[in-house]
Amino acid sequence: STEQCKEANRGSNSEANLAFLHRINEKNLQYSTEYVLDNFRYDFKVGNKLIEINPTATHNSSWSPFGTHEGIYTDYHYNKSKVARENGYQCIHIWDWDDVDKIVNLLVERHAVYARKCYIKHITSQEAREYINKYHLQGYANAKINLGLYNEDNLVSIMTFSTPRYNKNYEYELIRYCSSYNVIGGVEKLFKTFIREYKPTSIISYCDLSKFRGRIYEKLGFTELRTSIGRHWCNLRGTRHITDNLLRQQGFDRLFNTNYGKGTSNESLIREQGFLDVYDAGQRTYVYAK
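Description of the structure in this document. Within each chain, residue numbers correspond to sequence positions counted from 1 in written order. Residue-level local features of this predicted model are given only where pLDDT is at least 70; pairs of side-chain atoms are given and counted only at 80 or more, and the full residue set underlies all totals for whole chains, interfaces and linings. Note that water and hydrogens are dropped before the side-chain values are worked out from all heavy atoms of the structure.

**Topic: helix 7 (residues 186–198)**
- Helix and strand definitions follow DSSP, with helices as H or I runs of at least four residues and strands as E runs of at least two, each counted in order from the N terminus. Under the convention used throughout, the expected extent of a helix is 1.5 Å for every residue step, that is, one less than its residue count. Across its 13 residues, helix 7 extends 18 Å between first and last C-alpha, which sits within 8% of the 18 Å expected from 1.5 Å per residue.
- Relative accessible area decides the class of each residue, using a 1.4 Å probe on protein chains only: under 20% of the type maximum gives buried, over 50% gives exposed, and in between gives partly exposed. Three or more residues of helix 7 are buried, namely Gly186, Val187, Leu190, Phe191, Thr193 and Phe194. The arc that holds the buried residues of helix 7, viewed along the axis, is 155°, so those residues lie on one side. Pointing more than 90 degrees away from the buried face of helix 7 are the exposed residues Lys192 and Arg196.
- Once helix 7 ends, the next one or two residues include lysine 199, with phi positive near 45°. The reported arc concerns the directions from the helix axis to the C-beta atoms and nothing else.

Structural data, given as structure tokens:
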């Protein structure tokens, strides 16, 4: 609703917003603030990207410091990204647990190289880990196949694959893709190399709609399978972030080294620790079939 929009967007001069403003000024980026689309207002507009600063204190679904509602709707961030996509923009949500410097670097114009002038080789897990931790917003995740794209012996892009982590009905999972340059045709070249060498019958992959639109998957011939909104737990200091999936899988006792035992509620216990629930902008599952 319009009222929800006003609530979640109060504090454009908040500490988090001012810190982000300082970072983009350091990079000499052109921007506008308080950009409006439909009933939504976005904190920053940089080129075709809309930036949303989402402090846990004001963007959780448990309670509001303004005292006017219990918290924002669980589909608020999802709808905000959806409206941005429908209007040709990419919406980037910044949560308390994000590495803001990595996100700012996404906004900076990068040097362009052409994939046709690059070559591909398999790289070690250690090389992939270092590169992905530096350039991918979510950091490294274990993978068995690491393909690196090189331009004049300079690693400019990576794509990694492994057996699926969550859904064993598919042969492979595309784990990570990232680049440090604007590699024109890079994602296609890496993917085609994987297809040629491994001849997969099926591939699954996941797109975080809090950061991306999923266009890469459409380019590669993937099909959208489903979209779900994820729930997260974060304390107000922003010092610890736990996904709801991890809380369910591991349980409160294991995560917090306690011994409340069976019959206790993970959700009640984590709330007692001062954690609030935050619903993201959605995760889209894509599949590729030969």
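There is more to say, and it comes next.
**Here we look at the environment of phenylalanine 275**
- Tracing the sequence through the fold places phenylalanine 275 in strand 15 (residues 275–279).
- Should any heavy atoms of two residues lie within 4.5 Å, those residues are considered in contact. Residue contacts for phenylalanine 275: discarding those within four places in its chain leaves Trp233, Cys234, Asn235, Arg240, Ile242, Phe256 and Ile270.

**Remarks on the side chain of serine 179**
- Take serine 179: it is sitting in strand 9 (residues 172–179).
- Judged by its relative accessible area of 13%, serine 179 is buried.
- Polar contacts involving the side chain of serine 179 include one to the main-chain carbonyl oxygen of tyrosine 181, which spans 3.0 Å.
- Those residues in contact with serine 179, other than ones at most four positions away along the chain, are Arg110, Tyr131, Tyr135, Val156 and Ser157. Here a polar contact means two N or O atoms within 3.5 Å. Within protein one must be a hydrogen donor candidate and the other an acceptor candidate, and residues neighboring in sequence count only if both atoms are side-chain atoms.

**Re the sheet that holds strand 4 (residues 90–95)**
- When DSSP finds two or more bridges between a pair of strands, those strands are recorded as paired. On the basis of which strands lie adjacent, the open sheet formed by 4 strands has the order 1-2-3-4 and mixed pairing. Edge positions in the sheet fall to strand 1 (32–37) and strand 4, since each has one partner strand and no second. Between one strand and the next, the sheet's axes are offset by a mean angle of 45°, whatever the strand orientation.
- When strand 3 (residues 49–54) meets strand 4, the two strands line up parallel, connected through 6 bridges. Within the sheet, the bridge partner assigned to lysine 49 lies in strand 4 and is glutamine 90.
- Fitted lines through C-alpha atoms give the axes, limited to the stretch in contact for helices. The angle between two N-to-C directions lies from 0 to 180 degrees. Along the sheet face, helix 4 (residues 76–86) touches strand 1, strand 2 (40–46), strand 3 and strand 4 and points at about 60° away from the line of strand 2.

**Brief notes about the sheet that holds strand 13 (residues 231–235)**
- Across the sheet, 3 strands lie side by side as 14-13-15; this open sheet has antiparallel pairing. One side of each edge strand has no neighbouring strand; the edge strands of this open sheet are strand 14 (241–243) and strand 15. If you compare each strand with its neighbour and ignore which way they point, the axes differ by 30° on average.
- Here 5 bridges tie strand 13 to strand 15, and the two strands are oriented antiparallel to one another. Each bridged residue has a counterpart across the sheet, and for asparagine 235 the counterpart in strand 15 is phenylalanine 275.

**Quick notes on the layout of surface pockets**
- Using only the protein atoms, space was sampled on a 1 Å grid; points where a 1.4 Å probe fits but cannot get out form cavities, open sets with protein on both sides within 12 Å along at least five of seven lines form pockets, and lining residues are those with an atom within 4 Å of a point. Grid points are joined across faces, edges and corners, and a volume is the space filled by probe spheres set on the points. Size it by volume and the second largest pocket reaches roughly 180 Å³.
- Lining the second largest pocket are 13 residues, with Ala16, Ala19, Ile53, Ile94 and Val100 positioned closest to its centre.
- Put simply, the parts of the chain that give the lining of the second largest pocket at least two residues each are helix 2 (15–26), strand 3 and strand 4.
- When residues of the lining of the second largest pocket are assigned to their parent elements, the largest contribution, 5 residues, is made by helix 2.

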